[in-house]
Amino acid sequence: MTDDFRTLFTLFPHALAAGVVISTTCAALGVFTILKRVVFVGITLSEVAACGIALGMAYHVKPFVGAFSLTLLAVILLSFPFESHRIPRDAVLGVIFVFTSALAVLVVSKSGFGLHEVKALIYGDLILTSNEDLNLILWVLVPVLFYFLAFIRPTLYTFLDREYAKTIGIRVARWELMYFFALGLTVSAASKVAGAILIFCYLVVNPATGLLLARRLKWVMLISVLGGLFSTIAGIFWSFRADIPTNQAISIMACFFLLSALAARFVHRLAANLKRRRKETL
Amino acid sequence: MSMEMGGGAPNRSIIAIDHLFVSYDKADILHDVSLEIPEGVFLPLVGPNGSGKTTLLRAILGLIKPRKGKIETALERSEFGYVPQNRAIDPLYPVTTRQILLMGLYPKTGPWRRLGNFEKERVHGVMEDLQLTEHADKTFGELSGGTKQKALIGRALVSDPQVLVLDEPTSDLDEKSGREVLGRLLNLSKNHGKTVLIAHHGVETVKHLATRLCLVKHGTVLLVDAEGMLGEQIP
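## Considering the sheet that holds strand β7 (residues 195-200) of chain B
Residue and element names in this part refer to chain B.
Move 1: Read from one edge of the open sheet, six strands run β5-β6-β7-β3-β8-β9, paired in mixed fashion. Of all the strands in the sheet, the pair left with one neighbour each is β5 (80-83) and β9 (220-225). On average, each strand axis in the sheet is inclined to that of its neighbour by 20°, with strand direction left out of account.
Move 2: In terms of strand pairing, strand β6 (residues 163-167) meets β7 through five bridges, oriented parallel. Looking at β7, one finds that D167 is bridged to A199.
Move 3: On top of the sheet, helix α6 (residues 175-192) reaches β3 (42-46), β6 and β7; it is set at about 150° to β7, its chief contact.

Now the structure itself:
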């Protein structure tokens, strides 16, 4: 097993490094996506980025440029305060999701690419991370993560109580836009190797585990990040040993970690209840 | 429409509302409201649900733009303390009562600055005053309705604001706790010179506390003597 790990680190250092950076950044940003109850933003932006990559491939533009341009448009649209309008944000997200998923497949089908390209576009493949992919991920995601952690206070206050935040001088529209912009950048840069499903998994499953296990924001974020790292390394290792697709193996690992957390929490509560009842009987 | 503090010379006006119209979806919520609010007054805004009390408070705070008219104040935005209804915060957020209170110090701390000793003592003092100390490390979602309300009041108080604007602050409190909170707010006005504007749906609990009441009905505002309201019912 140790030999397998050594081989894995030797053969796929780029995949491991990319997985670690993507899972960490997405886990941190994803906690706020769940708290703001806009989980659907994650999958929609992933689909928008995939559509951008497809357009980029079809028109010979760099995938990141295609993904980022389209994601930026979606982010600007999403930062509009839909709460006060007839169409809720979720419905707008749904429309964008349907349009971009369908457009991505149409563009690829007319571009002369085969089924393999379509699958790679939708599911990505972390194990095939190239040096160029890793550089892009490092140059984009690391600054995004530092920015997010540096300005976590105004972002949290904006999300926590928008109206009150306005009264204490926080420019809520700006912080909201910056958050979605950071999310858009992350998804755009990570989409090519991680694919829509794995990005959505990192944005939702690991943060959900954090929220399940911890009661303080810093611990929620830490568990979310650790869960992302654990599922990435375990998933890559599993896919390597069993010769199965890497991104799906990571996603299953993340869900397994979440279910384990759920079971641990259930057992903990059961034990606490039994203890209380025994005390009451005595 | 201007008001005086009971008996003495009028205090300087710190908020002047001049022919204010606020609309939502083309319907006027506030209709030609003019009001001068002096410094240090305890002013309950009473009226039935949907009469425009919350809209008036939000307009004073600058949260909504008037369609017509203006609101003038000599104060900075940071000198206002706002207590929204406790449904404003999603209980899903893993933030403690202490963190909720710290939010009120953001104008001083900004995105990065850590709390100084003075600010820590201020937070501690407010928590003790509002009997929140034992709940300091509980998350907002774990608190009862009344304690949530107290935490939001504490958040407004930590920055020591000149004007306190409260939207139904006793709606989730039992009668005794509600009276306690109102008494505390009255004390802030009487003994510390704070201006307290409080939206309240029931007149009975507040008419004994203030010299004047602001009746809000169908988007219009009327200042009345609280004594004259004794025994009367708000339509």
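## Brief notes about the interface of chain B and chain A
Move 1: Listed per partner, the contact involves 33 residues of chain B and 27 residues of chain A.
Move 2: Summed over both partners, the interface of chain B with chain A buries about 2800 Å², with 59% contributed by carbon and sulfur atoms.
Move 3: Run the count over chain B and chain A and you get four salt bridges.
Move 4: Put simply, R37 of chain A and D90 of chain B hold a salt bridge, and the shortest N to O gap is 2.5 Å.
Move 5: On inspection of chain B and its partner chain A, the count reaches 14 residue pairs in polar contact (both at pLDDT 80 or more).
Move 6: Where the side of chain B that touches chain A is concerned, the elements lending two or more residues are α2 (97-103), α3 (106-109) and α5 (145-157) of chain B.
Move 7: Broken down by element, the side of chain B that touches chain A gets its largest block of residues, four residues, from α2 of chain B.

## So, a nonpolar patch on the surface
Move 1: A cluster of nonpolar side chains, namely F266, V267, L270 and L274 of chain A, defines an oily patch on the protein surface of about 400 Å² accessible area.
Move 2: With respect to the helices, strands and loops of the structure, V267 of chain A is situated in helix α12 (residues 246-281).

## Describing the packing of aromatic side chains
Move 1: In this structure the tally under the stated criterion is 15 aromatic pairs over all chains.
Move 2: With centroids separated by 6.1 Å and ring planes inclined at 50°, the aromatic side chains of F148 of chain A and Y179 of chain A adopt a geometry described as tilted. Of this pair, F148 of chain A sits in helix α7 (residues 131-150) while Y179 of chain A is found in helix α10 (residues 172-213), placing the two residues 31 residues apart along the sequence.
Move 3: Residues Y179 of chain A and F180 of chain A carry aromatic rings whose centres are separated by 5.4 Å and whose planes lie at 70° to one another, so their mutual orientation is edge-to-face.
Move 4: Judged by its relative accessible area of 1%, Y179 of chain A falls in the buried class.
Move 5: You can call F180 of chain A buried: its relative accessible area is 1%.
Move 6: The ring of F21 of chain B has K68 of chain B lying over it, and the distance from NZ or CZ to the ring centre is 4.9 Å.
Move 7: Positioned above the aromatic ring of Y164 of chain A is the side chain of R155 of chain B, whose terminal nitrogen or guanidinium carbon lies 3.5 Å from the ring centre.

Conventions adopted
Residues numbered from 1 in each chain as written. Chains lettered and ligands numbered in written order. Predicted model: local features only at pLDDT ≥ 70, side-chain atom pairs only at ≥ 80, totals over all residues. Heavy atoms only, no water. Pairing = 2+ DSSP bridges. Helix = DSSP H or I, 4+ residues; strand = E, 2+ residues; numbered from the N terminus. Axes fitted to C-alpha atoms, helices over the stretch in contact; angles between N-to-C directions. Contact = heavy atoms within 4.5 Å. Buried area = accessible area lost by both parts, 1.4 Å probe. Salt bridge = Lys/Arg side-chain N within 4 Å of Asp/Glu carboxyl O. Polar contact = N/O pair within 3.5 Å; in protein donor to acceptor, adjacent residues only side chain to side chain. Patch = residues over 30% accessible without salt bridge, like charges linked within 9 Å, V, L, I, M, F, W, Y side chains within 5 Å. Areas by Shrake-Rupley, 256 points an atom, 1.4 Å probe, with all protein chains shown as cover. Phe/Tyr/Trp six-rings, centres within 6.5 Å; stacked < 30°, edge-to-face > 60°. Buried < 20%, exposed > 50% of the residue type's maximum accessible area, 1.4 Å probe, protein only. Lys NZ or Arg CZ within 6 Å of the ring centre and 35° of its normal.

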